[in-house]
Amino acid sequence: MTEAILLVGGKGTRLRPLTVHTPKPMVPAAGVPFLTHQLARARAAGVEHIVLATSYLAEVFEPYFGDGSALGLHLEYVTEEEPLGTGGAIRNVASRLHSGPDDPVLIFNGDILTGLDIRALVDTHETTGADVSLHLTKVTDPRAYGLVPTDDTGRVLAFLEKPQTPEEIVTDQINAGAYVFRRSVIDSIPLGRPVSVERETFPGLLAAGAHLQGMVDSTYWLDLGTPAAFVRGSADLVLGRAPSPAVPGRCGDRLVLPTAQVASDAKLAGGTVVGEGAFVAEGARIFGSTILPGAVIEPGAVITDSLIGTRARVGQRSVLTGTVIGDGAVIGPDNELLEGARIWCDARIPAGAVRFSSDQ
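Quick caveat: nothing in here was measured; it's all calculated off a predicted structure. One numbering rule holds for all chains: residues counted from 1, following each sequence as written. Only residues with pLDDT of at least 70 are given local features in this predicted model, and only at 80 or more are side-chain atom pairs given and counted; all residues enter the totals for whole chains, interfaces and linings. Hydrogens are left out, water is left out, and the side-chain values use all remaining heavy atoms of the structure.

**Comments concerning the overall build of the chain**
Rules: A run of H or I in DSSP becomes a helix once it reaches four residues, and a run of E becomes a strand once it reaches two; helices and strands are each numbered from the N terminus. Taken over C-alpha atoms, the radius of gyration is set against a globule rule of 2.2 Å times the number of residues to the power 0.38. To sort residues, take the accessible area from a 1.4 Å probe on protein chains only and compare it with the maximum for the residue type: under 20% means buried, over 50% means exposed, and anything in between is partly exposed. By definition in these notes, contact holds between two residues if any of their heavy atoms fall within 4.5 Å. Computed with a 1.4 Å probe, the accessible areas rest on the Shrake-Rupley method; for each residue, only the protein chains presented here act as cover.
Counting secondary structure elements, the chain contains seven helices and 30 strands. For 360 residues, the compact-globule estimate of 2.2 N^0.38 gives 21 Å, and the C-alpha radius of gyration of the chain, at 22 Å, lies within 12% of that figure. Taken along the three principal axes of its C-alpha coordinates, the chain extends 70 × 50 × 35 Å. In the chain, which comprises 360 residues, the proportion classed as buried is 56%. Taking contacts inside the chain between residues at least 6 apart in sequence as the whole, the part at least 24 apart equals 52%. Carbon together with sulfur atoms contributes 51% to the accessible area of the chain, which is approximately 14900 Å² in total.

This is how it looks when you write it as structure tokens:
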């Protein structure tokens, strides 16, 4: 069908401490690195060749995915020495593409979980003769995103970055982070310097009279940029709300990886994942959460909408809600951590040290 560029160079600063040791696309979601879901969906749509534009912790990707043959793909890796932005990263890998000047190239971001019909986006691009086609989705509050108003035919009229006043919010359509570029447009992006497609490339193309086409696809869409969103995305993959052929098991209320151990009276629900080698003790209750490989959940712990890092430990009777526990951290018994708490990698919280309610 076409080939693709996957942008996976971001530092994932909003996801720390999850991304201290792991690049954002490699953080496990529904039992496998999130990137696996994107690669599998691209392959299911007919994509065979994907170039990964890497930067932060770039050395992690190739040892895991290799040449991509296990997924039926041909993968290549290009590492940025200095951050180049979205446009600069796309241009930086152009030499690895095999496409001719008028061929379509799919481009997608490594932190978006979506049910986008990839084939439909490529078909829209080709039938409209566009220079660039964009996946657009509708959101209730568009202030955190780039607005993309279109005319009745779907042709893009403007790009409005993160509007704040009511007058600036002229549409609920946002740039959803997946594009199809005519190959010659990629080659026109300046080489060797930072370029933003949102702020420079797209507005420049519009000003030059290029044809930019929007396709609204309002299936599942989630930006996994925050810990809360990442945890929700993983749960939605397990529950089957977000589509992926890479979920390692049947969709349902829970996903327990083969070498994990879960006590018979522990309760898991809401799309909870228990990773390889993790242990969930008796009486624990876990809802909508991700327990990464090697983590230990002690008896009676209650964990909701949280992510427990690799080899971390949550003590007896501790209650965690909307919390991220970094790799190797230890939460002693009888602690209470609520919405937004982030415990750094290898930190240690003594028994009963943190509470938000009475200790009675």
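That shown, we press on.
**Topic: helix α6 (residues 197-207)**
In plain terms, the rule: Within this analysis, the arc is defined by the directions that extend from the helix axis to the C-beta atoms.
For α6, the full list of buried residues reads Val197, Glu198, Thr201, Phe202 and Leu205. Summarising the axial view, the buried residues of α6 lie within an arc of 110°, below the 170-degree limit, and thus occupy one face. Relative to its buried face, α6 has exposed residues pointing more than 90 degrees away, namely Arg199 and Ala207. Positioned one or two residues after α6, Gly209 has a phi angle of 90°, which is positive.

**A short note on a negative patch on the surface**
The condition that has to hold: Every patch collects residues that have over 30% relative accessible area and no salt bridge, joining them within 9 Å if they carry like charges and within 5 Å if they are nonpolar side chains (Val, Leu, Ile, Met, Phe, Trp, Tyr). Salt bridge, as used here: a side-chain nitrogen of Lys or Arg that lies within 4 Å of a carboxyl oxygen of Asp or Glu. The positive count covers Lys and Arg only, the negative count covers Asp and Glu only, and His and the chain ends enter neither. Note that the charge is assigned to NZ on lysines, CZ on arginines, CG on aspartates and CD on glutamates.
Where like charges cluster on the molecular surface, the negative patch consists of Asp103, Asp117, Asp123 and Glu126. We classify Asp103 as partly exposed; its relative accessible area is 35%.

**Regarding helix α1 (residues 34-44)**
With respect to burial, α1 is a largely interior element, nine of its 11 residues being buried. For α1, every residue scored as buried is listed here: Phe34, Leu35, Thr36, His37, Gln38, Leu39, Ala40, Arg41 and Ala42. Directly after α1, the chain includes Gly46, whose backbone phi takes a positive value near 105°.

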